[in-house]
Every structure is written in C-alpha cells, then in structure tokens.
Amino acid sequence: MLARRRFLQLGSLGLSAFSLKSFAQSPMHKPIVISTWDAGIEANKAAWKVLRAGGRALDAVEQGVMVTEASQSCCVGLGANPDRDGHVTLDASIMDEHFNCGSVAFLERIKHPISVARRVMEKTPHVMLVGAGAQQFALEQGFQLEPAVLSKDAEKAYRNWLKKSEYKPVINIENSRKQTAFVPNKLENGEWNHDTIGMVALDNAGNVSGSCTTSGMGFKMRGRVGDSPIIGAGLFVDNEAGAAVATGQGEDVIRVAGAHLVVELMRQGLSPEAACKKAIERIVKIKGNKAKDIQVAFIAINKRGEHGAYAIQKGFNYAVCYGDAANNLLDSKFLI
Ligand code: ASP
C-alpha cells in the first residue's frame, strides 16, 4: 500500500522509479550544514561550532551567515554593492523547525540583518518588517546604526557602474524605466553582480532550520526586494521534509515560490538534488530563451541528512560541512 502510494505520488510528478535512480543520493550526515557559494566555507565553520556542541540548527544558521554579513563581500552585508541611487539595502530571513519565521527587507545601516530577522520572528507578532520600520525596530532592539558609507570596493564598483548606466534621476517613470533597464546579470569580468549567503542545517536532535541574507542585486532600483526575505521563495523549512534556500535572480525564484517548491518535492519523495533540479527546470521552462541570461540555484537538505543542489548555469558551488575536517566546496550540477 505504502509502495503504491509512493508510486502514485511520483507518477503525479511525472517521475518514474527509473528516473529517480539517475540521482545519486548523497551520503547521510547528522549534524550537517550546507551553504551557498565559496563564502559558505567560512560561514559553515561558525555554524559547525554550534552544531558540534550539540546546539540548535537555528543558532547555527544565524551564526553562520553572520560571518559573511561582517565580511567585505560584493553581495552580502554593509560592504556590498549599493542600489542605483548609491544606498546599500539588505534583505534577510530565517526559519526554524516549528514554522516560525522572520524576515527584514530594504533594511539600511544595520550590520546583521539576519539577527534582526530573528528578532522579528521571536519578539513580534509579525513575519516581515521592511525599510524604515525594520530599522526602527532594530534600533529599539539595541542594534547599532552604522555609518551610511560605501565600502571602498563598493564605491569603486558603483562609480564604474554609473559611467555606463546613463542613469538619470527619475523624471518620468516610463523614460526612466527605459534608461535604467535593470539588467542584473553578468558584469564585464564575467561575474554575477549578485549573490546570497543561504544556509540550511540539520542538528543532532534531528531538527532543520535555514537562513539567508543578501544585498540583492547590485545597482537595483531603489526599493527593490528580492526573494531572500520572502518565506517560501528564498527560504523554506518544513521539519518533516527538509529545508531549501535559493540564490540567483530573485524575481524568477519568487515566480515559482522556489524554496517551498523544493521542500514540497522532497516531501513527495525526491532526493534534495532531484528536487532542486525539478525547481530549476520549472524556472527554465517559464523563462524559455531568456533562461540563458540568468542564474538561479537551490541547495537543500532532507531530514535524513542528505544534501543536494542544482543551478541553471555552470559556476555555482556550495559548501558542505559535517565535521571539522569535512567542510568542502562542491560544484553544483547545472541544466544549460
Ligand atoms: N537572490 C538574490 C536576490 O535576488 C540575489 C542572489 O542570490 O544572487 O536578491
């Protein structure tokens, strides 16, 4: 009966037992923490300290991504690239094993948005605070207001961007849209001008949690919010199934409720890698020819401590840690 139910579930996803076999199951580990991109290596170390001591996955994923928020990164924390008006605005979210979640968006001048997101989750009746309200809440909670200055690298990148952007202050929204058409993809040096540190972990007690934090797209329109603070898009955790987090062009992650989609697919029996791949395929199908111009990637873990990832394009990697001596950067598989 159980086998038949499982077969029917897979059938409704358009999958057969045969197609599932083509996905290698990653080894099971508990505890385990995984995170996006190479910055994940350092972030995992901080998370691992919590997990090794028998701590909660929730604490691990907060402390892990704080490392990246405090570093000089192009795309995370106050040192990151600004929006097109020269302001760094930050998005973050966090979710625990009980469906508790909190997020902040369009937050300025606060060093650790992930911790503000956690306070939103723990100290307010709400899930999300944005902009001036999020900043006011952060200050009430004792966070410090940091100076409104760009890091050296961000200043340089912004000046370069301004040269070509031909950006002029908004006079007429139709014109300005045309002039400033937001092309968030590859820079001249071939790097993406956006990134997120996203992290998901399984602790000794068998509970999963996740976090993500970003400055979003470099040189985005002022007020733009990406997928990272949207629960179900950039991040989703379901303690019965697992956890997933996204990085890449947030608009396209939001369209398919990406992280929720991955977790739901895991619930229906797919491995983390197969679930990430299905979600990527969904985005590519929707984007058609334009898929080649964007990058989106998902990473996921399930309750058994298996992990996986999938990206649209080559070049995405993620850090997997299940021990002091086992914190490795893996290349993700990709679709096109
Ligand atoms: N997903 C982030 C955003 O759209 C950016 C990234 O991860 O590359 O804000």
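See the structure above.
On a predicted model such as this, the values are computed, not experimentally measured, just so you know.

Asks: Where do I start with the site of the ligand in this structure?
Replies: The environment of the ligand is formed by His 194, Asp 195, Thr 196, Gly 216, Met 217, Arg 224, Gly 226, Asp 227, Ser 228, Thr 247, Gly 248 and Gly 250. Between the ligand and the protein, one listed contact pairs an oxygen atom with a side-chain N or O atom of Arg 224 at 2.8 Å. One of the backbone nitrogen or oxygen atoms of Gly 248 is found 2.6 Å away from a nitrogen atom of the ligand. Calculation on the ligand without its partners gives an accessible area of 270 Å², and the protein chains cover 100% of this total. Among the residues making up the shell around the ligand, the classes are represented as one nonpolar, eight polar and three charged.

Asks: Is there a simple way to explain the sheet that holds strand S11 (residues 317-323) in this structure?
Replies: Backbone hydrogen bonds hold the strands of a sheet together, and the pairing may be parallel or antiparallel. With mixed pairing, eight strands are arranged side by side in an open sheet as S4-S3-S2-S6-S5-S1-S11-S12. Looking at strand neighbours, the two that pair on one side only are strand S4 (128-130) and strand S12 (326-331), the edges of this open sheet. Adjacent strand axes in the sheet meet at a mean angle of 10 degrees, parallel and antiparallel pairs treated alike. Bridge count for strand S1 (residues 32-36) against strand S5 (residues 197-202) is four bridges, and the pairing is antiparallel. Counterpart to Ile 32 in the pairing with S5 is Leu 202.

Asks: I'm lost on the pattern of salt bridges in this one. Help?
Replies: A side chain of one charge can pair with a side chain of the opposite charge when the charged atoms of the two come close. Scanning the entire structure with this criterion turns up 20 salt bridges. The shortest N-O distance in the salt bridge between Arg 56 and Asp 96 comes to 3.5 Å. Taken together, the residues span a long stretch of sequence, with Arg 56 in the loop between helix H3 (40-52) and helix H4 (57-70) and Asp 96 in the loop between strand S2 (90-95) and strand S3 (101-107) at a distance of 40 residues. In this structure Arg 56 comes out as partly exposed when scored by relative accessible area, which is 30%. Taking the shortest distance from any N to any O, the salt bridge between Asp 238 and Arg 267 comes out at 2.0 Å. Remark: Arg 267 occurs in helix H10 (residues 258-267) and Asp 238 occurs in strand S7 (residues 235-238); sequence separation between them is 29 residues. On the basis of relative accessibility, which here comes to 35%, the residue Arg 267 falls in the partly exposed class. Among the charged side chains, a salt-bridge network with shared partners connects Asp 59, Glu 62, Arg 118 and Glu 122.

Asks: I would appreciate a short explanation of the nonpolar core in the present structure.
Replies: Most often, soluble globular proteins keep nonpolar side chains buried together rather than apart. Residues Ile 34, Val 262, Val 296, Phe 298 and Phe 316 are the most contacted members of the largest nonpolar core, which totals 49 residues. In terms of residue count, helix H11 (residues 272-287) provides more of this core than any other element does, seven residues in total. The residues touching Val 262, leaving out its near neighbours within four places in the chain, are Ala 244, Ala 275, Cys 276, Ala 279, Phe 298 and Ala 300. Membership of the second largest hydrophobic core comes to 31 residues, among which are Ala 43, Val 50, Ala 60 and Ala 138.

What counts, and at which threshold
Residues numbered from 1 in each chain as written. Predicted model: local features only at pLDDT ≥ 70, side-chain atom pairs only at ≥ 80, totals over all residues. Heavy atoms only, no water. Near = heavy atom within 4 Å. Polar contact = N/O pair within 3.5 Å; in protein donor to acceptor, adjacent residues only side chain to side chain. Areas by Shrake-Rupley, 256 points an atom, 1.4 Å probe, with all protein chains shown as cover. Nonpolar A, V, L, I, M, F, W, Y, C, P; charged D, E, K, R; others polar. Pairing = 2+ DSSP bridges. Helix = DSSP H or I, 4+ residues; strand = E, 2+ residues; numbered from the N terminus. Axes fitted to C-alpha atoms, helices over the stretch in contact; angles between N-to-C directions. Salt bridge = Lys/Arg side-chain N within 4 Å of Asp/Glu carboxyl O. Buried < 20%, exposed > 50% of the residue type's maximum accessible area, 1.4 Å probe, protein only. Core = buried A, V, L, I, M, F, W, Y, C linked by side-chain atoms within 4.5 Å. Contact = heavy atoms within 4.5 Å.

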